[in-house]
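Chain by chain, the residues run as shown.
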Amino acid sequence: MKRSWRILIVDDDTFLWNWLKDSLSLLDYEVEAAENGLQGIELFQKFTPDLVLMDAMMPIMGGLEACQQIKALPAGKNIPIIMMTGIKEDDETVIQSFDAGCHDFVTKPINLTVLERRIHTILSGILSEEKLALSNRAALESISDQLKITSLVLEKATEAVLITDLGGTIQSVNPAFTTITGYSFKEAVGKKPNILRSEHHEESFYKALWEALFSQGSWRGEMWNRRKNGEAFPVMQNITAIQDKYGEITHFVSIFTDLTNCKKNQDNQDLITTHDPLTGLPDRHLYSEQVKQAALRAGRNGSKVAILLINMNSFRRVNDSMGYLQGDAVLKEIGSRLKGSIKSGDLISRLRGDEFGIVLVEIITLQDVTDTIQKLFQSLSCPFILQEHEIIITASIGVTLFPDDHQDIETLLQKTDRALSQAKEQEGNSFQFFTPDLDSQACQRLSMESNLRKALTNQEFTLFYQPKVDLISKKVVGTEALIRWFQPGRGTVPPVEFIPLAEESGLIIPMGNWILNTACQNAREWIENGACSLQVSVNISSRQFQDPFIIATLQEALEKSGLPASCLELEITESLVMGNVEEAIRILREFKDLGLKISMDDFGTGYSSLSYLKKFPIDILKIDQSFVRDLVHDASDAALVKAIISMGNNLGLTVIAEGVETVEQALFLRQEGCDMAQGYLYSKPIEKNLFAQFFREYNR
Ligand code: C2E
Ligand code: MG
Ligand code: MG
């Protein structure tokens, strides 16, 4: 609770001060009184009043002197004194009183209301002054606190802070500035910030910076500065213009962070995320960015860019036979050989697996492109040495030109892909420039794919069957299911045309399921009708082989049809099992566990070695028709066929030859110990009812 105001009355008129004392006490003032100036000064020091009422004329010490003395006291300096006088129009005393430091003046007889008003006014004035003083003090304290905090922040900040005046002369820097730049406070103050200037920016950069500072009051951005030791370093810089209360710029404060480490991390990060870790070449994300940039530059200067897509031929063979580690070593070597064959400024990336992308810039004639392609082939021509083996690698290259083939980069890359597919159809090193023909081929493929999707629901597929004849008993012992597509309006589409497409699009899975179910059902009917020992074989494609549901699909087809598992044979090819040998063996074992027979189709065209063949749990070797074709006239084919037969026999496998068209071929095969034959000599693939008829008649 606030204490009441204290008033000291100094007057020799005891009647007056008693009356005043009583009256003011009633108004809640605390009042003390003294009879003369001397007493008054004494009491003042004890009582410490907020206001003094002083009689001008008193014995021992008059009011004026007492007033002067009180004012001389440290505690009295600011205490208001109201002089009281009994003399009318005593101008002299009034003047003297004010000179002595009095605040106000009243004449006797005292009008209590007037006096009280005056006291109140003076004291409330003091109060507000006190308040003001207090709040000023608080403000000052808070400013000083803030200054303390600010200087602490500047002291401890990891960002460099530099303050200049309007003319750009450095006024102050903080310790971080010294740490980062190497300039001490003393060395920096008084200099211009251009002590930090690096050669990374042109004059126009600094001009734009100053313009922004004057027009917008601040500038923020990344820039390069230079340390005292001469090293340039990147910073994130923030410069602010400081204005006075009239809006005039007085100072500039520049705060910057050293980005050296961030940049290093970023660069490493960029290198990791944009480069292929094996070859160290840009990856395909960076590649498409580089193609875009190269095209942009070419567009500006009117030059051409060639885009080359390079794919190694049969690279899988290397991985399969030598393992992935060795395969990686070859890819690394390929990357560096290709890189060494292009001129500086041209770009090379590893896109995926054995595929590389090359961008040739500033192409003037097509000869420039073909010359480089020849160099690329040349670089690969020297054999790769792996574990004392020499490996020959050939490549296929698809080429497009910007802007000739297309201006849109995505489209251009698709066209390069098409050109590569075309190049892949040729053997050995080959390249193919994009031609509009390839586009129409791609369109055809697209429409074929959509037709293929409809074909399954529209029941446009049929299974044909080609008999397999036992060369000793001369009986039909098996039959191979071969799919046929009767496309309305086009006729029969050969499987070689649509099976690869079905593989690529994934349609082979539902199609394969249909084939399995149909073949099992048909075989079950024939067996029911007396063809007891008939085996039906179904071709299994790569995608089906890898399908995680293949076992379930097989089980379902057998269960639904009621065909004994021992009557079903699966024809697989070498390429299908050579990718991941261990996994392939696992799957084949599962087939075997179901009770199925496994035949290695087109044998001799793949890369399986004898040692591999032993590993696979297969039952039948099917000699590819390409060796059978010239068997009678070509000694090397004959030798090969002989070798395969004897190898198969030795491994306890049943050997069958496909594509047997002549009696001579059949005789040769039988003589060499081949167990079975299949081919036009006996029958072309035929429709299911015809096969049933053929089976009955042939075996009779
Ligand atoms: P493949 O499994 O090696 O089938 C043998 C191919 O040779 C068949 O061609 C057959 O008609 C043909 N052929 C049979 N005997 C002779 C002959 O004496 N001389 C000649 N020149 N050719 C003969 P097709 O039916 O056109 O099948 C070609 C390939 O398409 C098949 O080769 C097989 O890989 C695939 N294919 C066929 N049907 C299916 C199927 O239902 N599923 C899967 N996944 N692939 C199939
Ligand atoms: Mg086959
Ligand atoms: Mg075959």
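Residues numbered from 1 in each chain as written. Chains lettered and ligands numbered in written order. Predicted model: local features only at pLDDT ≥ 70, side-chain atom pairs only at ≥ 80, totals over all residues. Heavy atoms only, no water.

**Section: the pairing of strand β7 (residues 170-173)**
Sheet analysis places strand β6 (residues 160-165) next to β7, joined by three bridges and oriented antiparallel. By the bridge assignment for β7, Leu 162 is matched with Val 173. From the end of β6 to the start of β7, which pair antiparallel, there are four residues, and Gly 168 there has a positive phi angle of about 90°. (Pairing = 2+ DSSP bridges. Helix = DSSP H or I, 4+ residues; strand = E, 2+ residues; numbered from the N terminus.)

**Notes on the nonpolar core**
Core analysis: the biggest nonpolar cluster contains 85 residues, and Phe 545, Leu 568, Phe 591, Phe 616 and Leu 621 have the highest contact counts within it. Per-element tally for this core: the top contributor is helix α17 (residues 508-528), with nine residues. (Core = buried A, V, L, I, M, F, W, Y, C linked by side-chain atoms within 4.5 Å. Buried < 20%, exposed > 50% of the residue type's maximum accessible area, 1.4 Å probe, protein only.)

**With respect to the sheet that holds strand β4 (residues 81-85)**
The parallel open sheet is built from five strands, whose spatial order is β2-β1-β3-β4-β5. Two strands close off the open sheet at either side, each with one partner strand: β2 (30-34) and β5 (104-107). Along the sheet, successive strands turn relative to each other by an average axial angle of 20°, direction set aside. Pairing of strand β1 (residues 6-10) with strand β3 (residues 51-55), which is carried by four bridges, proceeds in the parallel orientation. Paired with Val 10 across the strands is Met 54, a residue of β3. (Axes fitted to C-alpha atoms, helices over the stretch in contact; angles between N-to-C directions.)

**Looking at the pattern of salt bridges**
By the definition in use, this model includes 24 salt bridges. Residue Arg 524 is joined to Glu 528 by a salt bridge in which the shortest nitrogen-to-oxygen separation is 2.6 Å. Note that Arg 524 and Glu 528 are positioned in helix α17 at a spacing of four residues, about one turn of the helix. One salt bridge in this structure joins Glu 583 and Arg 586, with 2.8 Å as the shortest N-O distance. (Salt bridge = Lys/Arg side-chain N within 4 Å of Asp/Glu carboxyl O.)

**Points about the sheet that holds β7**
Read across the open sheet, the five strands follow the order β7-β6-β10-β9-β8; overall the sheet is antiparallel. Both edges of this open sheet fall to β7 and β8 (218-226), since each of them pairs with a single strand only. For this sheet, the mean inter-axis angle between neighbouring strands, taken without regard to orientation, is 25°. Here β8 pairs with strand β9 (residues 232-243) via nine bridges, running antiparallel. Looking across to β9, one finds that Asn 225 is bridged to Phe 233.

**What to know about the site of ligand 1**
In the region of ligand 1, 21 residues are neighbours, and Gln 466, Arg 484, Gln 625, Glu 661 and Tyr 680 sit closest. A distance of 2.8 Å separates an oxygen atom of ligand 1 from a polar atom in the side chain of Gln 625. Here a nitrogen atom of ligand 1 and a side-chain polar atom of Glu 661 are 2.5 Å apart. Burial of ligand 1 by the surrounding chains reaches 83%, relative to a free accessible area of 780 Å². More than half of the atoms belonging to ligand 1 lie within 2 Å of the grid points that define the second largest pocket. Mapped onto the shell around ligand 1, the elements with two or more residues apiece are β19 (476-487), α16 (495-505) and β23 (597-603). Ranked by the residues each element gives to the shell around ligand 1, the list is headed by β19, at four residues. Taken together, the residues that form the shell around ligand 1 break down as eight nonpolar, seven polar and six charged. (Near = heavy atom within 4 Å. Polar contact = N/O pair within 3.5 Å; in protein donor to acceptor, adjacent residues only side chain to side chain. Areas by Shrake-Rupley, 256 points an atom, 1.4 Å probe, with all protein chains shown as cover. 1 Å grid on protein atoms, 1.4 Å probe; cavity = no way out; pocket = protein on both sides within 12 Å on 5 of 7 lines; lining within 4 Å. Sits in = over half its atoms within 2 Å of the grid points. Nonpolar A, V, L, I, M, F, W, Y, C, P; charged D, E, K, R; others polar.)

**Regarding the coordination of the magnesium ion (ligand 3)**
Around the magnesium ion (ligand 3), the protein contributes the donor atoms Asp 601 (OD), Asp 602 (OD), Glu 658 (OE) and Glu 658 (OE), at 2.1 to 2.5 Å from the metal centre. Ordering the donors of the magnesium ion (ligand 3) by residue number gives the pattern D-D-x55-E. In this structure, the magnesium ion (ligand 3) lies 4.0 Å away from the magnesium ion (ligand 2), the two metals sharing Asp 601 as a donor. Of this pair, Asp 601 sits in strand β23 while Glu 658 sits in strand β25 (residues 654-658); the two residues are 57 residues apart in sequence, bridging distant segments of the chain. (Donors = N, O, S within 2.8 Å, 3.2 Å for Na, K, Ca; no water.)

**So, the packing of aromatic side chains**
Under the counting rule described, the total for this entry stands at 16 aromatic pairs. Ring plane angle 40° and centroid distance 6.2 Å describe the contact between Tyr 465 and Phe 691, whose orientation is recorded as tilted. Here Tyr 465, found in strand β18 (residues 461-470), pairs with Phe 691, found in helix α26 (residues 688-699); they are 226 residues apart in sequence, far enough to count as distant. Pair check on accessibility: Tyr 465 and Phe 691 agree, each one buried. Taken together, a centroid distance of 6.2 Å and an interplanar angle of 40° make the contact between Phe 691 and Phe 695 tilted. With Phe 691 and Phe 695 both in helix α26 and four residues apart, the pair spans about one turn of that helix. For Phe 695, a relative accessible area of 11% translates into the label buried. Three or more aromatic residues joined by ring pairs make a cluster, and in this case those are Phe 461, Trp 485, Phe 498 and Trp 514. The ring of Tyr 206 has Arg 197 sitting right over it, with the charged end atom 3.8 Å from the ring centre. (Phe/Tyr/Trp six-rings, centres within 6.5 Å; stacked < 30°, edge-to-face > 60°. Lys NZ or Arg CZ within 6 Å of the ring centre and 35° of its normal.)

**Section: the coordination of the magnesium ion (ligand 2)**
Bound to the magnesium ion (ligand 2) are the protein donor atoms Glu 480 (OE), Asn 539 (OD1), Glu 571 (OE) and Asp 601 (OD), situated 2.1 to 2.3 Å from the metal. For the magnesium ion (ligand 2), the donor residues sit on a single chain with the sequence spacing E-x58-N-x31-E-x29-D. Owing to a relative accessible area of 27%, Asn 539 belongs among the partly exposed residues under this scheme.

**With respect to the packing of helix α12 (residues 324-340) against helix α13 (residues 366-381)**
Relative orientation of the contacting elements α12 and α13 amounts to 140°, with a least axis distance of 9 Å. Judged on the interaxial angle alone, α13 and α12 are oblique. Considering the relative orientation of α12 and α13, their crossing is right-handed. Of the residues in α13, those touching α12 at Ile 334, Arg 337 and Leu 338 are Leu 376, Ser 379 and Leu 380. (Parallel < 35°, antiparallel > 145°, perpendicular 65-115°, else oblique. Left-handed = near helix turned anticlockwise from the far one by under 90°. Contact = heavy atoms within 4.5 Å.)

**Topic: helix α19 (residues 550-561)**
Because each turn of an α-helix spans 3.6 residues, side chains separated by three or four positions end up pointing in the same direction. For α19, with 12 residues, the first-to-last C-alpha span of 16 Å sits near the 16 Å given by 1.5 Å per residue. The complete set of buried residues in α19 reads Ile 550, Ile 551, Thr 553, Leu 554, Ala 557, Leu 558 and Ser 561. Along the axis of α19, the buried positions cluster into a sector of 165°, meaning they face one direction only. Facing away from the buried surface of α19 by more than 90 degrees, the exposed residues are Glu 559 and Lys 560. Buried residues in α19 make contact with α17, α18 (542-546), β22 (568-573) and α21 (581-594). A positive backbone phi angle near 80° is found at Gly 562, which sits one or two residues after α19. (Expected span 1.5 Å × (residues − 1). Arc of directions from axis to C-beta.)

**What to know about the side chain of Ser 430**
Tracing the chain through its elements places Ser 430 in strand β17 (residues 430-433). Relative accessible area serves as the criterion here: at 5%, Ser 430 is assigned to the buried category. Filtering out sequence-adjacent residues up to four positions away, Ser 430 remains in contact with Phe 377, Ala 395, Ser 396, Ile 397 and Ala 423.

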